[in-house]
Amino acid sequence: MANTEEQLEALTSAFSGLGVDEKILISVLGKANADDRKSYRKGIQFFAEDDRSFEKWEDDHVQQLEREFSRFKNAMVYWTMHPWERDARMAKNALLKGAQSYNVIAEIACTRSSEELLGARKAYHSLYDHSIEEDLAVNVSGPECKLLVALVSAYRYEGSKVNEETAKSEAKIFCNAVKDASKNPVEDEEVIRILTTRSKLHISTLYKHYKEICGNSMDEDLDKESLLKVTVQCLSTPEAYFSKALDDALNGEAEEHTKDALTRVIVTQADANLQKITEEYHHKYRVNISDKIDEEVNGNYKDFLLTVLARGR
Amino acid sequence: MASLIAPEEFSAVADAEALKKAFHGWGTNEKGVIAILGHRNAAQRKMIWKAYEEKYQENFIKRLESELSGHFEKAVYRWVLDPADRDAVLVNLAIKKVPDPRVIVEMSCVKAPEDLLIVKRAYQIRYKRSMEEDIASHTSGDMRKFLVALVGVHRYDGGEIDTKLAKSEADILNKAIKENLLTHEEIIRIITTRSKAQLMATRNHYKDAHGISLSKHLAENPANEFLSALLTAIKCLTEPKRYYEKVLRTAIKQKGTDEDALTRVIVTRAEVDLEEIKDLYYKRNSVTLENAVAKETSGHYKAFLLTLLGKQD
C-alpha cells in the first residue's frame, strides 16, 4: 500500500489551485476503496468532522471545485468558438456579473481591431437579439455607462496618419481633467470624446506627450482600480495590461473574476499578441509565464495553456 | 423604387468619349453631360469614370468641376461620386458647416446598419480619420453625445420586438417630454440604441397610450437645435420617405429655394426610393414634384434634377 502521507499531499494539491489534476485524482482515488476514501477525507484539510458523524466537505470548496473542474471546459469552448461569438459571450457574461467585471468589456472593446469589435457586435445580435449598446445602456449605471457604451460603439481609424499637434493639445486636455479635483475624470466630456473616438495610434501618441506635459505618466495619475485606467492601458499599452492581468490571476489570493483572466487573456490573445505579452511578463516579473503556470495550475487545463503558449516557438 | 432611368446595355468607353466631346472647345455641352450621366446608375458611372481616366489620362472630377458651375456643378459632382463616398463627403461638409446636425442625423438614421458601416469606411479612407472623431471634436454637450452615438451604434437589425419594453419606453419618453426634456439621458439612450423595429413599436404605442404622436409631441416644444435633431432622428428612423417629402417641400417653399437640400435629397434617393417620395409629395401638395422643381429652379441645374426625377426625354 502506497504512502498515505504522500497520497494526501497529492490529493490536496490536485484539488487546489487553478484547474484540477485529473491524472492524480484518477490514479489515487480511482484505486481507493470505501475505507481508503474515508481515510483520505479524514486526512485532507477540506473536510471537517460534522456533529452528525460524517466528514463534511467544506461547502465553499465544493463550489470552488465546480469552477475548477469547469476551467478546462470553458477554455476549450472559448478556444474553439469563433472569436466574434467568444467576445460577444464574454461581454454578455461580464455585463451579467456587474461592476466588478466591467473591465472585461472595456478590455474587449479596446484591444480588438475595429473589424473584430464590429464582428463581436454582430455576433451579439445573433446571440441575444439586442445590440450590445442597448443592453449596456440599460444595465450599466453611473458615469461608467457613457464610457462603456461609447467604447463598444467605436469604429476607430486604423491608418498611420496622426496629427502630432492635436495629440499634444489633447494630452493637455487630459492632464487638466485629471488634475481637476472637483470632478472624476471619467465624467469629463472631453476625456470620453478622446478615448472613445480617436485612433489607437493617436492615443498612444497622446500617452507619450502626457508625461512631458503633466509630470507623471497616465498610469501613475489614474486611479488604480478605475475603468478609465483599464481603458487607457488597453488602448496604449496592452501588453503591460495583459501581463499584469495574468500575474494577478496567478496570485493565490485572487478573486474569482480575477482568476478568469488566465483563460481569457491566453485564449483571446493567442493569435494576436501573446508573444509580446509573455516577453513583457518576463521583463516585469523576472520569471517565465510557462514556469509560473506550471507551478500554480493543474491538470488538463495546465497542459492546454502550456500547449498554446508553446505554439509557434 | 428608384426614379432614375438607366439603360441595361451601355458602353463605358463610348460614354467617356461622348463626355470628352461635350467638354471639348469653348463652353460645355451641358445637355450632353446630363443626357449621359443623368441616365446611368452607380455601377455604370463608376465604369465611365474609370474608362475616362484610362483613356484620357486626366482627373475626371477636376475636369467636371472646371467645365460646370454653380448648383449644377455641385449636383453633378455629388451624383458622380460612389454613393458611400458621397455620403462621407456630405457628412464632412455638414461637420465643417457650423455644424449642420440634420445631414448627420439623416444619414445615420435612414441607412441600414451595414450601409452606415460602408459610409464610415469610405470616410476613413478619404479623410484619414473616423467620422466619429470628427463629429465629436466639432460638437459639444448633448448634441455631441447624440450625434456620436447615432453614428456609432450598430443597431440590431432583426424584427424581434419586446412589447412590454415598447410600452415602458414610450412612457419614459412621454415623461421626459412633459418634464421639458430637462434630462435628455433617457431619450438619447432610447433613440440611439434601440433597433428600428423596436422604435417603431414604441412610437406606435406612444400614440395609443398618450393620444398624441411622438413626433407631434416633440415638435410642441419651442424650437431648439437639439430637439430638432431628436425629432429628425425619430422621423428618419421610423418613416424616412415622409421625412424626405417634408425636406423637399420645405426646400421648395422657402424664400430662395434651398438648393443644397434639394440636390441632396434628389441625388441620394434617385436610385433608392425617389418614386415613392414623389407619390407622397403629390398626395401632400397636389402638384407633382417635377412641376414644383421646374417652377423653382432653372437652367441646366433644373434639367439635371428633372432627369434624375425620371423625366422622359
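Rules of the game
- Residues numbered from 1 in each chain as written.
- Chains lettered and ligands numbered in written order.
- Predicted model: local features only at pLDDT ≥ 70, side-chain atom pairs only at ≥ 80, totals over all residues.
- Heavy atoms only, no water.
- Helix = DSSP H or I, 4+ residues; strand = E, 2+ residues; numbered from the N terminus.
- Rg over C-alpha atoms; globule rule 2.2 N^0.38 Å.
- Contact = heavy atoms within 4.5 Å.
- Areas by Shrake-Rupley, 256 points an atom, 1.4 Å probe, with all protein chains shown as cover.
- Lys, Arg positive; Asp, Glu negative; His and termini not counted.
- Charge placed at Lys NZ, Arg CZ, Asp CG, Glu CD.
- UniProt positions renumbered as here; feature names shortened; annotations may be inferred.
- Polar contact = N/O pair within 3.5 Å; in protein donor to acceptor, adjacent residues only side chain to side chain.
- Salt bridge = Lys/Arg side-chain N within 4 Å of Asp/Glu carboxyl O.
- Buried < 20%, exposed > 50% of the residue type's maximum accessible area, 1.4 Å probe, protein only.
- Domains from an automatic or database assignment.

Attention now goes to the overall build of chain B. A count of helices and strands for chain B gives 20 helices and 0 strands. In terms of overall dimensions, chain B is globule-like: its C-alpha atoms have a radius of gyration of 21 Å, near the 20 Å expected for 313 residues. The C-alpha extent of chain B, read off along each of the three principal axes, is 65 × 45 × 35 Å. In chain B, once contacts between residues fewer than 6 apart in sequence are set aside, the share between residues at least 24 apart is 71%. Here chain B has roughly 14,200 Å² of accessible surface; of this, 53% comes from carbon and sulfur atoms. Measuring between centres, the 50 positive side-chain charges of chain B sit 3 Å from its 46 negative side-chain charges.

The next subject is the UniProt feature "binding site: Ca(2+) 1" (unreviewed entry) in chain B. All names here are of chain B. Mapped onto this numbering, the UniProt entry gives "binding site: Ca(2+) 1" (unreviewed entry) at Phe23, Gly25, Gly27, Glu67, Ile252, Gly256, Ala294 and Glu296. For the residues just named, distributed over 274 residues, the greatest C-alpha separation reaches 35.3 Å, placing them at more than one site. Within the fold, Gly25 resides in the loop between helix H1 (12-23) and helix H2 (30-37). Checked against the element boundaries, Glu296 lands in helix H19 (residues 289-296).

Residues and elements named next belong to chain B. In the numbering used here, UniProt assigns the feature "binding site: Ca(2+) 2" (unreviewed entry) to Thr297. Here Thr297 is to be found in the loop between H19 and helix H20 (299-308). Those residues in contact with Thr297 that sit more than four places away from it in its chain are Leu262, Lys302 and Leu305. A polar atom in the side chain of Thr297 sits 2.7 Å from the backbone oxygen of Val293.

All names here are of chain A. Tallying each qualifying case throughout the model produces 58 salt bridges over all chains. For Arg89, the salt bridge is made with Glu85, and the minimal N-O distance between the two is 2.8 Å. In this pair, Arg89 and Glu85 are both assigned in helix H5 (residues 83-97), 4 residues apart and thus about one turn of the helix distant. Arg89 gets classed as partly exposed once you look at its relative accessible area, which sits at 30%.

Under the domain assignment used here, chain B contains domain 1 (12-68), domain 2 (83-152), domain 3 (163-238) and domain 4 (240-308). On a C-alpha basis, the centres of domain 1 of chain B and domain 2 of chain B stand 29 Å from each other.

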